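Examination of the molecular architecture
Chain residues, written in single-letter form:
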Amino acid sequence: MKQAPAAGAATRSHRDTIFLEDARVSRISRFPGDQYILRLHAPETARRAIPGSFVHIRCDAAIPMRRPLSIMRASRNEGWIEVLFKIVGNGLRSLGHKKPGDVMSLLGPIGRGFEPSSERPRPLLIGGGVGIPPMIFLAETLWRDHRDWHALVLMGSEIPFPFEPVPSQIVTEWLQEKAMHAMPLLEDWRIPSRLASGAGLPGAYRGNVAELARVWLEAQSPDVLG
C-alpha cells in the first residue's frame, strides 16, 4: 500500500508552481450561446501551464469569489493563455464585459495535467461543453511535441460551438459523410476532429459525444485498440 504523504507535503509539492499575478486582457471574442474566449497576458501561468491545468480568476473587484476556468491554449514564448467560458451568473457575466487592457487577479496554473504515454500513440481526446478547452490544449501539445502520433479529437455541445465549424479535409471512413464538420484550428494542425450534438447542429453527429466515441470504437480493429 502506498504511504500517505506527511502533513503539509501536498502544500510543499506545489510551492513555486502556482502563482498569483495580475493578468491583462489582450483579446476577447464572443460566440453564440453567450460563450467567450478570453486571451490574457499572464506570463508566469503561461510558462508553466500544461494540458489539464486551470486558473482561478477574480472576475471583478466587487466579486471576491474567484471562478475556476480550464486553460484552452497557452503560449510560453508570448506569455498568454486563453480560457473559454459561458456566462452563468454575475461573475462570468462581469468577465464577459472585459475589454483589452483590463487587468484582473489570476491564480494558476492549478491541477494535475495529462501525461501522454509513448505506449499509446493513438490518443482519443473526448470533451463536451466545458470539457472542450483541455482537449484543445492537449491536442496542440501533441501536435507540437509528438508529430508522429495519430490523435483524434471528439467534441460535443448542445449549443453552437465556440468556433465556426468547417467541412473537414481529413478523411475519417468510420463516420457518415453528413457528419464531417470539424474545428478549423485542429484542421490547421492536421489533427482530425469530429463534432457531436443532440441539438441538430449542421455537420455534427446527431447524439452526444459519448455515442460518437462508441461509433469510432466499434469501427476499429483489435490491433488498433491494442
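Source: prediction; values computed, not measured. Residue numbers run consecutively from 1 along every chain, following the written order of its sequence. Where totals are concerned, whole chains, interfaces and linings use all residues; where local detail is concerned, this predicted model gives features only for residues with pLDDT of at least 70, and gives and counts side-chain atom pairs only at 80 or more. Side-chain measures were taken over the full set of non-hydrogen atoms in the model, leaving aside hydrogen atoms and water.

Next up on the list: the overall build of the protein chain. Helix and strand counts for the protein chain come out as seven helices and twelve strands. Exposure categories follow from relative accessible area, calculated using a 1.4 Å probe and restricted to protein chains: below 20% of the type maximum is buried, above 50% is exposed, and the middle band is partly exposed. Per-residue burial for the protein chain yields a buried fraction of 45% across its 226 residues. Contacts in the protein chain between residues at least 24 apart in sequence constitute 63% of all its contacts with a sequence separation of at least 6. Calculation of accessible area relied on Shrake-Rupley with a 1.4 Å probe; when residues are assessed, cover is drawn exclusively from the protein chains displayed. When the accessible surface of the protein chain is summed, it comes to about 12,500 Å², and 52% of that surface belongs to carbon and sulfur atoms. Here the protein chain contributes 28 positive and 23 negative side-chain charges, whose respective centroids are spaced 6 Å apart. Elements are defined by DSSP. Helices are runs of H or I of four residues or more, strands are runs of E of two residues or more, and each kind is numbered from the N terminus. Throughout, a contact is declared for two residues whenever any of their heavy atoms are within 4.5 Å. Lys and Arg are tallied as positive, Asp and Glu as negative. Neither His nor the chain termini are counted. One atom stands in for each charge, and that atom is NZ of Lys, CZ of Arg, CG of Asp or CD of Glu.

In this section: the packing of aromatic side chains. Any two of the Phe, Tyr and Trp rings considered here, Trp counted by its six-membered ring, make a pair once their centres fall within 6.5 Å; the pair's planes then place it as stacked at under 30 degrees, edge-to-face at over 60, or tilted in between. Under the counting rule described, the total for this entry stands at three aromatic pairs. Their ring planes at 20 degrees and their centres at 5.5 Å tell us that Trp-143 and Trp-189 sit as a pair that is stacked. Here Trp-143 is found in helix α4 (residues 132-145), whereas its partner Trp-189 is found in the loop between α5 (184-188) and β11 (193-197), with 46 residues between them in sequence. You can call Trp-143 partly exposed: its relative accessible area is 26%. In this structure, Arg-39 is placed above the aromatic ring of Trp-80, and the distance from its NZ or CZ to the ring centre is 3.5 Å. A positively charged side chain is recorded as over a ring if its NZ (Lys) or CZ (Arg) lies within 6 Å of the ring centre. The angle to the ring normal must also be within 35 degrees.

With that settled, the discussion passes to α4. In this scheme, a helix's expected span is set at 1.5 Å multiplied by one less than its residue total. A rise of 1.5 Å per residue sets the reference length of α4, with its 14 residues, at 20 Å; its end C-alpha atoms lie 20 Å apart and thus fit the reference within 8%. Within α4, eleven of the 14 residues are buried, which leaves the element mostly enclosed by the surrounding structure. The complete set of buried residues in α4 reads Ile-132, Pro-133, Pro-134, Met-135, Ile-136, Phe-137, Leu-138, Ala-139, Glu-140, Thr-141 and Leu-142. If you follow the buried residues of α4, they end up packed against β4 (67-75), β5 (80-86), β7 (124-128), β8 (152-156) and α5.

Moving on, we get to the confidence of the model for the protein chain. pLDDT: the predictor's confidence for each residue, scored from 0 to 100. Here the protein chain averages 89 in pLDDT, and 91% of its residues register 70 or above. Counted against residues more than four places away or in other chains, residues 1-13, with its pLDDT under 50, gives one contact.

Only strands that DSSP links by at least two bridges are regarded as paired with each other. Read around the barrel, six strands follow the order β1-β2-β5-β4-β3-β6 and close on themselves; strand pairing throughout is antiparallel. In this sheet, neighbouring strand axes are inclined to one another by 45 degrees on average, regardless of whether the strands run parallel or antiparallel. Pairing analysis gives three bridges linking strand β3 (residues 54-57) to strand β6 (residues 103-110), with the strands arranged antiparallel. By the bridge assignment for β6, Ile-57 is matched with Leu-106. Axis definition: a line fitted to C-alpha atoms, over the contacting stretch in the case of helices. Angles run 0 to 180 degrees between N-to-C directions. On the sheet, α4 packs against β4 and β5 and is oriented at approximately 20 degrees with respect to β4.

Once that is clear, we can look at the pairing of β4. Bridge count between β3 and β4: four bridges; the pairing is antiparallel. Its bridge partner lying in β4, His-56 is registered against Pro-68. With four bridges joining them, β4 and β5 adopt antiparallel strand pairing. When the bridges of β5 are listed, Arg-73 appears paired with Glu-82.

Looking now at the environment of Ile-136. You can see Ile-136 is positioned in helix α4. In this structure Ile-136 comes out as buried when scored by relative accessible area, which is 1%. Along the sequence, Ile-136 and Ile-126 sit ten residues apart, while their C-alpha atoms lie 9.9 Å from each other. In contact with Ile-136, not counting residues within four places along its chain, are Met-72, Arg-73, Met-183, Leu-185 and Trp-189.

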